[in-house]
Amino acid sequence: MTFQGDTVVLGAGVVGLTTAVVLAEAGLVVQVIAEEIPGVTSTAAGAMWGPYLVEPKDLVDQWSQHSLETFRGFAADSATGVRAASGIEASRSADEAPDWATALPGFQPVSRADLPPGFASGYRFTVPLIDMPTYLRYLEHRLRTAGGAIVQQRVPTLDDAPEASTIINCTGMGAASLVSDATMRPIRGQHVVVTNPGLTDFFSEDTGPSPDLLCIYPHGDTVVLGGTALDGDGSLEPDAKAAANILARCTAVEPRLAQSTVVDHRVGLRPTRPRVRVTVDRRTDGTPVIHNYGHGGAGVTLSWGCAREVHRMLTNKQQPASPA
Ligand SMILES: Cc1cc2nc3c(=O)[nH]c(=O)nc-3n(C[C@H](O)[C@H](O)[C@H](O)COP(=O)(O)OP(=O)(O)OC[C@H]3O[C@@H](n4cnc5c(N)ncnc54)[C@H](O)[C@@H]3O)c2cc1C
């Protein structure tokens, strides 16, 4: 399948904007069309590099690694909202180190005495931490600088998208209705944003399959506190009880947060399916479509790897990476 000419990217979350940047910087004429600019779920992310609630592992590892290298390059420029943060991932049971973290810089076990009360194991490492509102503004700016355009509009079905040489579908949860993907399900997540009492290190708990998460992500003047993972819940309304529980969990681990003031509540729907969909397809009129959605709890982590995959498909250098 050979693609040429104008490319329409549907979706302005981290997946759509990153894909559009990669294509525009490769010299393609790119127009992003999206209902929300930027995507609400992408704005709600914490965000830390690391795979969570996403499959298949082999491709996730490959795509994540490419993103990791790219994010590392951003850390020197504060305008990107990305920094290399040191911190601890801990568990209340004596767990093995998370396999995705062992190769990260500064990786080392933390002694029990240096962990908050109630924790049995923990590991320190340095990882990209991303302030999503700033980062999404950076991506928008980078896209416009490369000549890309962004239009705010809902596109109910693929057939309603304008004529284009190629359509790239980066609609996250929107893909459930846009392309009638019945395998899609939301995993709702909520964060509370508070003023920063002086934190620089991140902290996160390996909570396994629990719907109650615990993460503390400092971003300069503010700290993003999490979180939740409610499978099948598609509501975007902040839940006051969930917010109170998040604050209580995080303050128990980091007592300085008791001095903080709440400045925002963010809710997003992790766009989850059995496997990320990065595949080539066709619209009913024959227009080539490349899907790039279903990144679950790791859309930021996968964004640059998947965008490169889309570019490869578009330039016909590689066959589709994952079956539908
Ligand atoms: C609380 C929370 C914490 C998270 N933390 C992390 C983290 O630390 N690290 C990480 O890697 N990931 C994290 N994630 C996951 C990550 O946020 C998602 O995987 C990612 O944002 C998905 O990006 P997206 O661009 O596919 O979707 P979205 O951000 O939802 O963007 C979809 C875009 O498509 C548009 N759209 C949809 N349907 C249509 C339509 N019919 N017509 C026009 N436009 C349409 C929307 O308006 C929007 O612009 C977290 C998620 C949540 C909720």
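Residues numbered from 1 in each chain as written. Predicted model: local features only at pLDDT ≥ 70, side-chain atom pairs only at ≥ 80, totals over all residues.

Undergrad: Quick rundown of the overall build of the protein? Include the residues and the values.
TA: Summing up its helical and strand segments, the protein has seven helices and 15 strands in all. With the principal axes as the frame, the protein shows a C-alpha extent of 60 × 40 × 35 Å. The buried share of the protein, reckoned over its 324 residues, is 48%. Within the protein, residue pairs in contact and separated by at least 24 positions form 74% of the contacts whose partners lie at least 6 positions apart. (Helix = DSSP H or I, 4+ residues; strand = E, 2+ residues; numbered from the N terminus. Buried ≥ 20, exposed ≤ 12 C-beta atoms within 10 Å, placed from the backbone. Contact = placed C-beta atoms within 7 Å.)

Undergrad: Please provide a residue-by-residue account of the packing of helix H3 (residues 57–74) against helix H7 (residues 299–314), values included.
TA: Each pair of packed helices can be described by the angle between their axes along with the distance between the axes. Contact pair H3 / H7: the axes reach a minimum separation of 6 Å and the direction vectors enclose 105°. Judged by the inter-axis angle, H3 sits roughly perpendicular to H7. When H3 is examined against H7, the residues Val60, Gln62, Trp63, Ser64, His66, Ser67 and Thr70 are found in contact with a partner set consisting of Thr301, Leu302, Ser303, Trp304, Gly305, Cys306, Arg308 and Glu309. Here the residues of the contact of H3 with H7 sort into five nonpolar, eight polar and two charged. (Axes fitted to C-alpha atoms, helices over the stretch in contact; angles between N-to-C directions. Parallel < 35°, antiparallel > 145°, perpendicular 65-115°, else oblique. Nonpolar A, V, L, I, M, F, W, Y, C, P; charged D, E, K, R; others polar.)

Undergrad: Any chance you could break down the domain arrangement of the protein for me, citing the residues and the numbers?
TA: Here the domain parsing of the protein yields domain 1 (1–81 + 131–182 + 273–324) and domain 2 (87–126 + 185–270). Put simply, the middle of domain 1 and the middle of domain 2, counted by C-alpha atoms, are 26 Å apart. With 14 residues of domain 1 at the contact, the number on the domain 2 side is 19 residues. Residue classes in the side of domain 1 that touches domain 2 are distributed as seven nonpolar, six polar and one charged. (Domains from an automatic or database assignment.)

Undergrad: Describe in detail the site of the ligand, supporting the description with residues and values.
TA: Among the 43 residues in the neighbourhood of the ligand, the closest are listed as Gly13, Gly39, Gly172, Gly174 and Gly299. Here the residues of the shell around the ligand sort into 19 nonpolar, 20 polar and four charged. (Near = placed C-beta within 6 Å.)

Undergrad: I'd like to hear about the sheet that holds strand S15 (residues 288–293), residue by residue, with values.
TA: Pairing is mixed in the open sheet, where six strands are placed in the order S6-S2-S1-S7-S15-S14. Looking along the sheet, the strands with just one partner apiece sit at the ends: strand S6 (149–152) and strand S14 (277–282). Here the strands of the sheet are splayed against their neighbours by 20° on average, with no regard to which way each runs. As paired elements, strand S1 (residues 7–10) and strand S7 (residues 166–169) share four bridges and run parallel to each other. Paired with threonine 7 across the bridge in S7 is threonine 166. (Pairing = 2+ DSSP bridges.)

Undergrad: Run through H7, naming residues and quoting values.
TA: The largest bend along H7 reaches roughly 30° and is located at glycine 305. With respect to burial, H7 is a largely interior element, 14 of its 16 residues being buried. (Bend = angle between axes of the 7 residues up to and from the residue.)

Undergrad: Any chance you could break down helix H6 (residues 240–253) for me, citing the residues and the numbers?
TA: For H6, spanning 14 residues, the distance from its first C-alpha to its last is 20 Å, which sits close to the expected 20 Å at 1.5 Å a residue. Within H6, the full set of buried residues consists of Ala242, Ile246, Cys250 and Val253. What you see down the axis of H6 is that its buried residues fit within an arc of 60°, all on one side. Those residues of H6 that are exposed and angled more than 90 degrees off the buried face are Ala240, Lys241, Ala244 and Ala248. Looking at the packing, one finds that the buried side of H6 touches strand S8 (185–195), strand S9 (202–205), strand S10 (212–219) and strand S11 (222–228). (Expected span 1.5 Å × (residues − 1). Arc of directions from axis to C-beta.)

Undergrad: Any chance you could break down unusual backbone geometry for me, citing the residues and the numbers?
TA: With an omega of -5°, the peptide bond running from isoleucine 37 to proline 38 counts as cis. Of note, the bond from glycine 46 into alanine 47 is cis; its omega dihedral lies within 30 degrees of zero at -10°. Along the chain, alanine 47 falls in the loop between helix H2 (40–44) and H3. Backbone geometry at serine 180 places phi at a positive 50°, although glycine is not the residue there. One can find serine 180 in the loop between helix H5 (175–178) and S8. Serine 180 gets classed as exposed once you count the C-beta atoms within 10 Å, which come to 10.

Undergrad: Please give an account of the environment of proline 197 that cites residues and values.
TA: Relative to the elements of secondary structure, proline 197 occurs in the loop between S8 and S9. The partly exposed category is assigned to proline 197, around which 15 C-beta atoms lie within 10 Å. Each C-alpha atom, one on proline 197 and one on alanine 45, is 21 Å from the other, the two residues being 152 residues apart in sequence. Sequence-distant contacts of proline 197, that is, excluding residues within four places in its chain, are made with Arg256, Leu257, Gln259 and Ser260.

Undergrad: Go over the nonpolar core, please, and point to the residues and values.
TA: Counting residues in hydrophobic clusters, the biggest one holds 88 residues, and the most contacted among them are Leu10, Leu17, Ala20 and Ile216. When residues no more than four places from it in sequence are discounted, the contact partners of isoleucine 216 are Leu199, Phe202, Phe203, Val223, Leu225, Cys250, Val253 and Glu254. (Core = buried A, V, L, I, M, F, W, Y, C linked by C-beta atoms within 7 Å.)

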